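Examination of the molecular architecture
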Amino acid sequence: MAVSLIAIDYSRPIQPIFLHEPRVGTVHSVFNKVTNITFDETLLSLLSDELPRMPNSVRLRSVVADKLLPNLKPGMEVCVGSYTLVIPTCNFSFHLSRTPLWEPRPDVNSYQWNRETVAQHTRLLTQFLAKKQHQGGLAPLVGPLFLEQPLQETPLSRMAMPNLRLLAQASWRQNIEGIEEATRGLAGLGPGLTPSGDDVLGGFAAIMALLSTQLSADSISRKHIASKIAAVAKPRTTKLSGILLEFASLGEVSEQFGMLLLTLMLPAEEFGTVLRAADRVLAFGASSGSDTLLGMVLGLRALESEID
Amino acid sequence: MVIRALLKPNTYYDSITLMSVAQAAKDLSGVEDIGAVMATEVNLELLLNANLMPAAFLAEQQAPPGSEDLLIVVRAIDDAHAEAALAVAEERLTSRGDRGTPSRGETLPARSLEMALKRDEAANLAVISVAGEHAWLEAEQALRYGMHVFLFSDNVPVEQEKRLKALAISKGLLLMGPDCGTAIINGIGLGFSNVVSRGSIGIVGASGTGMQQIICLIAAAGMGISQAIGTGGRDLSEAIGGVMMRRGLELLANDEQTEVIVLVSKPPAERVAREILAATQIMKPVVVVFLGVDPERFASVSGNTHMARTLTEGAELAVSLAGGDRRRVPGKDALNRYDLPKEHTKLASSQRFIRALYSGGTLCDEAMLLLNEQLGPIASNIPLRPEWALAPGETFRGHTALDLGSDEFTRGRPHPMIDPTISLQYLASAADDPQTAVILLDIVLGFCAQQNPASVYSPAIVQAREKARFAGRSLPVIISLCGTEGDPQRLSIQRTALEAAGAMVYESNEIAARAATLLVSDALHQA
């Protein structure tokens, strides 16, 4: 029996895929609450509504996702276009003609940004990240980077540390060669489908794309740095990671990360709200959330002043 | 050493899965290290740096692996172990039918307050035990979520404590802590807590082991506890002003189940003590134990409040006021349980001093106060007077009482209530010292405490006494045993085992201290 449903919402950047004439893609990967579907050079994610929105997501009710996802296998054919997504093997389809669009680019231009307040929040987030226990990833490097804590030497930290410093320093100086070198050292580095280095780059690129004009001490936009990071990283990492980095370079980020960014314009005494938003980011994945937060902190510090 | 690898093209698992699979394989014997990564260029470099590069394996591949391929590499002592580890990794991956996230029904620990709240929206109390000076951040977050907080962590700056308590009060919430060792809320024990039945006596305490002692003595008299609210040890300081003790008192005053209220604290600030005593002038009977404070000093403000000098006296008063039989509290009558005069006669002339080894700070304080009354100065790391402080490197000096649970002893190691290693070391040192007349030590039972303390203390006591005997000395060991029959360790079992090792066991810390005093005092000798 065919199941035909309406999705809850979908992200604005993937709208063109659904406007297009129907095309055939394939199931790329399947998880408990997510499946990724690949089309040519892009990749969209079907999510259960238990998860936060992503810049490439279509969200389904959890009851639907729970029934659909166990039946999917990588390589299955998927037909998308004309506001419809069909998975023939599962007799499953849904329509998006009346489905609301979600905007993954936080509306940062509608707010007044105060550099000193953001700097205070950034320091708080640095401390917050440093005291959390992390399941691997690069977030433990926040202490050695900013709080003069000793570096726990591992092959991963040894490879990442100089490139994290270089990334921040080169961004401050707008040194594109340095950005490229740091990105080459971080893209695809570490475990996971979105390797830790990519998550850091994603957080960093999003800051450059969204807030560099408002927050950099020299008031110069660094959007081009975000684009450069995505361009250099994409061929060097997984497909999903490369695509999420492209979104980040345009300021298109996950729901919880976007909310955290917007809390930075709150007065300093509202730090509790900032930390709650940061907690939501940390809850994402094994280390993706904390790595993204590290990238964000690195980006914000790189806009303040030159990092030693 | 060999390196073996497994390549799974176009295969995707998330980090949680890969880490758990890698850990399972790494735990196998003969496995030195394992890597499970997408085969990106930098990850191959990472494997090289980690001495995990499977060069021969990669050379055999028709095409080099790429960023969409999962590469699992094992370094092991030999081929057999490496292959076994890869087999385990592959089996673990393929058995996870959901491809990469925890299987249905499997629950990962909540890694944030928010995640925990999502799992149980009705939760209204957060237990916070994170290391370091940033515990206040978590506490503030929980309070802002509208949750009461049990803050086990210490090292919270006093100004943060003051701010957090003001926030809690403004929201009608409790902030129990920081450095709050125990509480019993609606029958649920938090931190180091003892198993007691529910009853009509409510306690608010700025002292962890002080509360535990009173609770256990009340339980021994067959009575129960309505609520036990911790406030943190600094609550009655001038800086904090006793805000949480007053809040706890107010809650218990309005609690239908609570008929008698006990307040307990180490010496409070004068102004705060007066304010607290003024607040105790309510309809319900209130017993106050401010250790080290002469009740006469506050006679003008204590009104109807019952002031007790010791924890045992506080428990006796509470039991009596709640309609129980105070004689059932194992107090002064227990002093005759052992033949102390006989023990005294066995001491050699060199044996003149008490060596008290405590894991509970308040119990140590109480013992020092009692010993000092009869014996004069008591050297300590938490001295009653500054001039009685032990010098750096000094272990014992005359009568000595050590709080082995204080920071200088617990830095980088578990609290002695959890791991008694440090207590055993000092027990051996005290036993070796020919000037030691009696060793007085506390053992605290209950949740979070050592699972079977008698199993480690008994052999140590036997050995210490045996060693002293060979040196021509008798060595009495007195134990202040704080616990209940319902505790996981069971009071009677612990008592029996410790007595079998030759120790004298008292459930009242006051009586244990008085027994030790008697053993070294001339009064007993003359008697």
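Residues numbered from 1 in each chain as written. Chains lettered and ligands numbered in written order. Predicted model: local features only at pLDDT ≥ 70, side-chain atom pairs only at ≥ 80, totals over all residues.

Focus on the overall build of chain A
In terms of regular secondary structure, chain A is built from twelve helices and ten strands. Of all 308 residues assigned to chain A, the portion counted as buried reaches 55%. Counted over contacts in chain A with a minimum sequence separation of 6, partners at least 24 positions apart contribute 66%. (Helix = DSSP H or I, 4+ residues; strand = E, 2+ residues; numbered from the N terminus. Buried ≥ 20, exposed ≤ 12 C-beta atoms within 10 Å, placed from the backbone. Contact = placed C-beta atoms within 7 Å.)

Some thoughts on the sheet that holds strand E2 (residues 31-38) of chain B
Residues and elements named next belong to chain B. Taken together, the three strands give an open sheet; going across it, the order is E1-E3-E2, and neighbouring strands pair in antiparallel fashion. Each end of this open sheet is capped by a strand with a single partner; those strands are strand E1 (2-8) and E2. Taken over all neighbouring pairs, the strand axes of this sheet differ in orientation by 15 degrees on average, direction set aside. Pairing geometry for E1 and strand E3 (residues 70-76), over seven bridges, is antiparallel. (Pairing = 2+ DSSP bridges. Axes fitted to C-alpha atoms, helices over the stretch in contact; angles between N-to-C directions.)

Notes on the interface of chain A and chain B
Each partner contributes residues to the interface: chain A has 38 residues there, and chain B has 35 residues. Only strand E3 (23-30), helix H3 (115-131), helix H5 (155-173) and helix H11 (271-282) of chain A provide two or more residues apiece to the side of chain A that touches chain B. Broken down by element, the side of chain A that touches chain B gets its largest block of residues, six residues, from H11(A).

Let's talk about the environment of Leu441(B)
Residues and elements named next belong to chain B. Tracing the chain through its elements places leucine 441 in strand E17 (residues 436-444). In this structure the C-alpha to C-alpha distance between leucine 441 and serine 480, which are 39 residues apart in sequence, comes to 6.1 Å. Those residues in contact with leucine 441, other than ones at most four positions away along the chain, are Leu357, Tyr358, Ser423, Leu427 and Ile479.

Some points on the sheet that holds strand E4 (residues 125-128) of chain B
Residue and element names in this part refer to chain B. Across the sheet, three strands lie side by side as E4-E5-E6; this open sheet has parallel pairing. Taken across any chain shown, the strands that pair with only one partner, and hence form the sheet edges, are E4 and strand E6 (175-176). As paired elements, strand E5 (residues 148-151) and E6 share two bridges and run parallel to each other. Each residue of the ladder has a partner; that of phenylalanine 150, found in E6, is methionine 176.

Considerations on the confidence of the model for chain B
Residue and element names in this part refer to chain B. Looking at chain B, pLDDT values average 90 and 94% of them are 70 or higher. Of all helices and strands in chain B, the one with the weakest mean pLDDT is helix H20 (residues 522-526) (52), whereas strand E18 (residues 477-482) scores best (98). A low-confidence stretch, residues 97-106 (pLDDT under 50), is modelled with 19 contacts involving residues beyond four sequence positions or located in other chains. Reported confidences for the modelled complex are a pTM of 0.57 and an ipTM of 0.89. (pLDDT = per-residue confidence, 0-100.)

Some points on unusual backbone geometry
In this chain, Gly177(B) is followed by Pro178(B) through a cis amide linkage whose omega measures 5 degrees. In this structure, Pro178(B) sits in the loop between E6 and strand E7 (182-185). Of note in this structure, Ser82(A) is not a glycine but carries a positive phi near 50 degrees. Structurally, the position occupied by Ser82(A) is in the loop between strand E7 (77-81) and strand E8 (84-87). Positive phi values are uncommon outside glycine, yet Tyr83(A) reaches one of about 60 degrees. Relative to the helices and strands, Tyr83(A) is located in the loop between E7 and E8.

Section: the packing of H5(A) against helix H12 (residues 288-304) of chain A
Residues and elements named next belong to chain A. With their axes 8 Å apart at the nearest point, H5 and H12 run at an angle of 40 degrees to one another. The pairing of H5 with H12 is recorded here as oblique in orientation. Crossing hand, H5 versus H12: right-handed. From H5, Leu164, Leu167, Ala168, Ser171 and Trp172 reach across to H12, where they touch Leu298, Arg301 and Ala302. Classifying every residue of the contact of H5 with H12 by side-chain character gives six nonpolar, one polar and one charged. (Parallel < 35°, antiparallel > 145°, perpendicular 65-115°, else oblique. Left-handed = near helix turned anticlockwise from the far one by under 90°. Nonpolar A, V, L, I, M, F, W, Y, C, P; charged D, E, K, R; others polar.)

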